[in-house]
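Remarks on the overall topology
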Amino acid sequence: MFEEIKTLGKHTLIYGSGIFLGKAISFFMIPLYTHFLSPKDYGVLELLDLTGYIISYFLVLGLNEATLRYYSYYDDPKDKNAVISTNIIFILFYASVFVFFLFNFSDTFSKHIFGSELYKPLFALLFISLLFNSVNNICTTTLRAQQRSVYYTALSITKVILAISLNIYFVALLKLGVKGILYSTIITSGLLGFYLIFTILSQVKFSFQISYLIKMLKYGLPFIPTEIAMFILNWSDRYFLRIYNTVESIGIYALAYKIAMIIVVLVTHPFNLVWAAYMFEIEKKQNSKELYARIATYYMFVLTLIGLFLCVYAKEIITIIAPPSYLKAYKVIPLLVMSMIFMTSVAVLRTGILVTRKTSYLPIMVGLAAIINIFLNFLLIPKYEIEGAAIATAISFFVRAFGIYLISQWLYSIPFEYSRIFKLILAAIIIFEISTFVSIDNLWLSIVIKSSILCLFPIILYILKFLTTEETTFLKNRLRLLHHLVLQNSKKYF
């Protein structure tokens, strides 16, 4: 069993390294944004990003997923090249027409989203960036389909570094605020997008097959409703905050959400890159259900560990990366971390649905959770503001996760290690509750004390007998090996 888990872990680390490096660089840019953008500016940026996010569904039309599906479907290189060329040419033409159409409604978007036409120029810039991003995304998806992982990772990191350099220039030096960030996005996506179009089309040759396009649109378009439902779950509360509260509150809430999303960046995204295919390999093994259960336990352990770290140090993180005007964000981080754990736990809870190919249940549960989220936003945000938004998000993601779990177990029962997961959650709750008693003005002293409290986590797990005999033996052997290596190296130098 450990061999399969080690293989999964190794590939997750390899695939995740590029993603982590890019996201880590972006994370360290948060202080730039929070110090040069007021909470109101940060809220404006958040609403612009989210509006662009939902428009992008209708720009790409699910063709990213269709590229991955149909590139692997065909065996003949000519067919594969036709899939790539057809998608790129279509997106380039269609997205250009769509964005030209959107330009005429910049003032309408500004008025309905911000209640004023003052933000019309920002929407015009946003639409240009969406055009370049859509082309850029279809090209990078092509690299994924071709399994050019090293090239893909190198370009991703290059894009992040270029974007950050331009952000520093436009935001920190020229002090252009939100407009500067949009300039940076347009330049970065434009340069990379045109480079990839030229490179890829010169390799696959110019070809446009309407029959292939129709097949791919039929495959890709059904992804849009599910994506919209997930958008509602993740982001609709920002629009409710704009209506019932202030744009400043959106900026504060957005910062807290980005901190909680570290779980997705560090754990779930790289895990899913491997797990999406590896789970079907495990299905062929005799002990497949036991393997699914054990992997789920380890996955939940990593989620809980990262989540606990973020909850315990929530106030300290905000204090370090943002000015005092954002400090209120730390209060909702624990609730949002809980939301992210509910959201990302679906990666292992839906295994039964995926291995039985009954994926039609997934959009049903996402849709139900989205409806509940809208209702709770109406109910809680007017009274509890950002805390209400965080509570609504947590409840909605729990409903989605629990519903998917019930359906998945009904289709393909997996003997999850419930007692171990309960011990894991109990230990995390104990540590977090103890940490809440620490209220010290000295930042570094607070970090030291909370670090000491976090060290109790493995001790509590040991007392609760979380580890199995096999795991205890495995860890002891690794510790002995580590001790031996340390002794050998020390003899070389002393």
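Everything numeric here is computed off the predicted structure, so don't read it as measured data.

Conventions adopted
- Residues numbered from 1 in each chain as written.
- Predicted model: local features only at pLDDT ≥ 70, side-chain atom pairs only at ≥ 80, totals over all residues.
- Heavy atoms only, no water.
- Helix = DSSP H or I, 4+ residues; strand = E, 2+ residues; numbered from the N terminus.
- Buried < 20%, exposed > 50% of the residue type's maximum accessible area, 1.4 Å probe, protein only.
- Contact = heavy atoms within 4.5 Å.
- Areas by Shrake-Rupley, 256 points an atom, 1.4 Å probe, with all protein chains shown as cover.
- Phe/Tyr/Trp six-rings, centres within 6.5 Å; stacked < 30°, edge-to-face > 60°.
- Lys NZ or Arg CZ within 6 Å of the ring centre and 35° of its normal.
- pLDDT = per-residue confidence, 0-100.
- Expected span 1.5 Å × (residues − 1).
- Bend = angle between axes of the 7 residues up to and from the residue.
- Salt bridge = Lys/Arg side-chain N within 4 Å of Asp/Glu carboxyl O.

Our next topic: the overall build of the chain. In terms of helices and strands, the chain carries 22 helices and zero strands. Taken over 494 residues, the chain has a buried fraction of 50%. In the chain, once contacts between residues fewer than 6 apart in sequence are set aside, the share between residues at least 24 apart is 82%. Counting every atom, the chain has about 24,200 Å² of accessible surface; 69% of that belongs to carbon and sulfur.

A separate point is the packing of aromatic side chains. The way to describe two aromatic rings as a pair is by their centre distance and the angle between their planes. The final tally for this structure, using the stated rule, is 30 aromatic pairs. Seen from their ring centres, phenylalanine 342 and phenylalanine 398 are 5.3 Å apart, and the 65° between their planes marks the pair as edge-to-face. Residue phenylalanine 342 is found in helix α16 (residues 333-349), and its partner phenylalanine 398 is found in helix α18 (residues 361-411); the two are separated by 56 residues along the sequence. Exposure remark for phenylalanine 342: the relative accessible area of 21% places this residue in the partly exposed category. Above the ring of tyrosine 412, the side-chain terminus of lysine 289 is found at 4.7 Å from the ring centroid. Directly above the aromatic system of phenylalanine 466 lies the positively charged group of arginine 420, at a separation of 4.6 Å from the ring centroid.

Along the chain, the position of phenylalanine 103 falls in helix α5 (residues 77-103). We classify phenylalanine 103 as partly exposed; its relative accessible area is 34%. Taking the C-alpha atoms as reference points, phenylalanine 103 and leucine 126, separated by 23 residues in sequence, lie 9.7 Å from one another.

Let us look at the confidence of the model for the chain. Averaged over all residues, the pLDDT of the chain is 85; the fraction at 70 or higher stands at 89%. Averaged pLDDT values over the elements of the chain bottom out at 53 in helix α1 (residues 2-27) and peak at 95 in helix α19 (residues 418-435).

Within the secondary structure, isoleucine 89 is located in helix α5. Considered as a pair, isoleucine 89 and phenylalanine 206 are 117 residues apart in the sequence and their alpha carbons are 8.6 Å apart. Isoleucine 89 has contacts with Phe206, Ser207 and Phe208, leaving out every residue within four places of it along the chain.

Take helix α11 (residues 223-244) next. An ideal rise of 1.5 Å per residue puts 32 Å on 22 residues; α11 measures up with 31 Å between its terminal C-alpha atoms. Within α11, the axis deviates most sharply at tryptophan 235, by approximately 55°. Next to the buried residues of α11 lie α3 (39-60), α10 (210-220), α12 (247-260), α16 and α18.

This next bit is on the pattern of salt bridges. What the rule picks out here adds up to eight salt bridges. Here glutamate 46 ties to arginine 238 by a salt bridge, and the two come within 3.1 Å at their closest N and O atoms. Highlighted residues: glutamate 46 in helix α3 and arginine 238 in helix α11, separated in sequence by 192 residues. Note that arginine 238 and aspartate 237 form a salt bridge whose closest N and O atoms lie 2.8 Å from each other. In this pair, the class of arginine 238 matches that of aspartate 237, namely buried. Salt bridges sharing common partners tie together Glu46, Asp237, Arg238 and Lys258.

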